Structure formats: structure tokens, C-alpha cells
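Here are the chains, one letter per residue:
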Amino acid sequence: MVTDRYHVVLASNSPRRKELLAGLDIPFTVRVLDHIDESYPVTLPTKEIACYISNKKADAYLQTMSSDELIITADTIVVLGQEVMGKPRDAREAKSMLHKLSGKTHQVVTGVCLTTKDRRASFSVETDVTFKSLSDDEIDYYITNYCPYDKAGAYGIQEWIGHVGVTDMKGSYFNVMGFPVQRIYEALKAF
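Residues numbered from 1 in each chain as written. Predicted model: local features only at pLDDT ≥ 70, side-chain atom pairs only at ≥ 80, totals over all residues. Heavy atoms only, no water.

Bridge analysis of strand β5 (residues 105–115) against strand β6 (residues 120–131) gives 11 bridges, and the strand direction is antiparallel. Bridge pairing links Val112 to Phe123 in β6. Counted between consecutive antiparallel strands, the loop separating β5 from β6 contains four residues. Pairing geometry for β6 and strand β7 (residues 166–170), over four bridges, is antiparallel. Its bridge partner lying in β7, Val129 is registered against Met169. (Pairing = 2+ DSSP bridges. Helix = DSSP H or I, 4+ residues; strand = E, 2+ residues; numbered from the N terminus.)

You will see that Asp25, though not glycine, has its phi angle at about 55°, which is positive. Relative to the helices and strands, Asp25 is located in the loop between α1 (15–22) and β2 (28–30). The class for Asp25 is exposed, based on a relative accessible area of 71%. Here Ala154, not a glycine, exhibits a phi torsion of approximately 70°, which is positive. Inspection of the secondary structure assignment puts Ala154 in the loop between α4 (136–145) and α5 (160–165). (Buried < 20%, exposed > 50% of the residue type's maximum accessible area, 1.4 Å probe, protein only.)

In an α-helix, one turn spans 3.6 residues; hence positions three or four apart end up facing the same way. Its 13 residues give helix α2 (residues 49–61) an end-to-end C-alpha distance of 19 Å, which sits within 8% of 18 Å, the value for a rise of 1.5 Å per residue. Every buried residue belonging to α2 is among Ile49, Ala50, Cys51, Ile53, Ser54, Asn55, Lys57, Ala58 and Tyr61, and all of these are buried. The inward-facing, buried residues of α2 contact β3 (69–80), β4 (83–85), β5 and β6. (Expected span 1.5 Å × (residues − 1). Contact = heavy atoms within 4.5 Å.)

To continue, consider the side chain of Glu159. As for its placement among the helices and strands, Glu159 is situated in the loop between α4 and α5. On the basis of relative accessible area, Glu159 is assigned to the buried category, the value being 15%. Polar contacts involving the side chain of Glu159 include one to the side chain of Lys151, which spans 3.3 Å. For Glu159, the residues in contact, after removing those within four places along its chain, are Tyr142, Tyr146 and Lys151. (Polar contact = N/O pair within 3.5 Å; in protein donor to acceptor, adjacent residues only side chain to side chain.)

This part takes up the environment of Val2. Mapped onto the fold, Val2 is located in the segment before β1 (7–10). Given the relative accessible area of 2%, Val2 is considered buried. Sequence spacing of Val2 and Ala190 is 188 residues, and the spatial spacing of their C-alpha atoms is 8.0 Å. In this structure Val2 touches Leu70, Leu188 and Phe191, once residues within four positions along its chain are discounted.

What follows is the structure, encoded as C-alpha cells:
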């Protein structure tokens, strides 16, 4: 496997990504660069944004990585129709996002990039998630008692809101958590 040739570096502070990658029993370290530009062209199709940003994150690591490292970068977005939802800035924005997702099906798209000094592979994974109609009390309870500010779409499927609100899902549960580990494992094997 690729881990016999490369030291794997996860370029993320996400506790969920760390936990999920650890579940693959692959040794890795974490390295995070501050202030990576995550902007994207407004003309970019919504389903390509997460992969574009994960590649942009990988570019930021090229100057600091050694020849025996493989960097894993990722980015997750929530797409409702043509609206892209990233991480909410505050409670008001989190509440607005959850109201929009309430009673509807949206897509969670995670872009992943595997990068070495001389090779790159990138892909995206999409999962459809359906929420029941959420009440104001349920949304307020979640925002007050959990931390939706570090999650695209203002929710974590593994938290209370996912337990009580998600009525259907087509695709990878782990992708909705922000890291499609099964697909990453296959990509590492094929790299």
C-alpha cells in the first residue's frame, strides 16, 4: 500500500476527520497551515466546488512537504438546489441554514485530494440527505447545545440533530461527517 512508501499527513484540524482516518489503521500525523484561501470562481458548478477547494488546499502544502510525504486535504460543502452552504459564522446564520434544510433533501459534497511531490489524485463524493420538518424549538435546542459553527450546513449528522431530524440518506454516512473514508481507503490503495 502507499503507506509503505509515504508518510501520510492529514491537513485538517477537524476532530471528525482525525477520528475517521484513524479508523483505517493507517499511521498519520496532522499538519495544518493557517489562512489558506478557500475562495472559488463564482462560475464553477456547485458540485465541483469542494474538489476545487481541496486541490487549492493541497497547492498550499507543496512548498512545505517533503518527498516522502502524502498530504490528504478535504473540503465539505452542503448544496441545496444551487445554494452552497459552508460553515455558519454565527447563531443567526446557523438558524437560517437549518430552516432552509428543514423538510428538504440536500447534497453533501466532499472533495478529497491526495498529493505527493510528484503525483496527485482527487475526487469528490456526494450524499443525499433528507431532513424532516424541523421546529423552531428543535433548531434552537441544537444551536444552543451543540457546536454547529465548524460544520458545513450548520449540522453534524452524528449529533442530536442528525438523530432526530434525518429521515433518509442515499450515499456515505461518513461523507456527511466530512470524510468519505471508504473511498479514501480505495484511493490510497490505488495511488
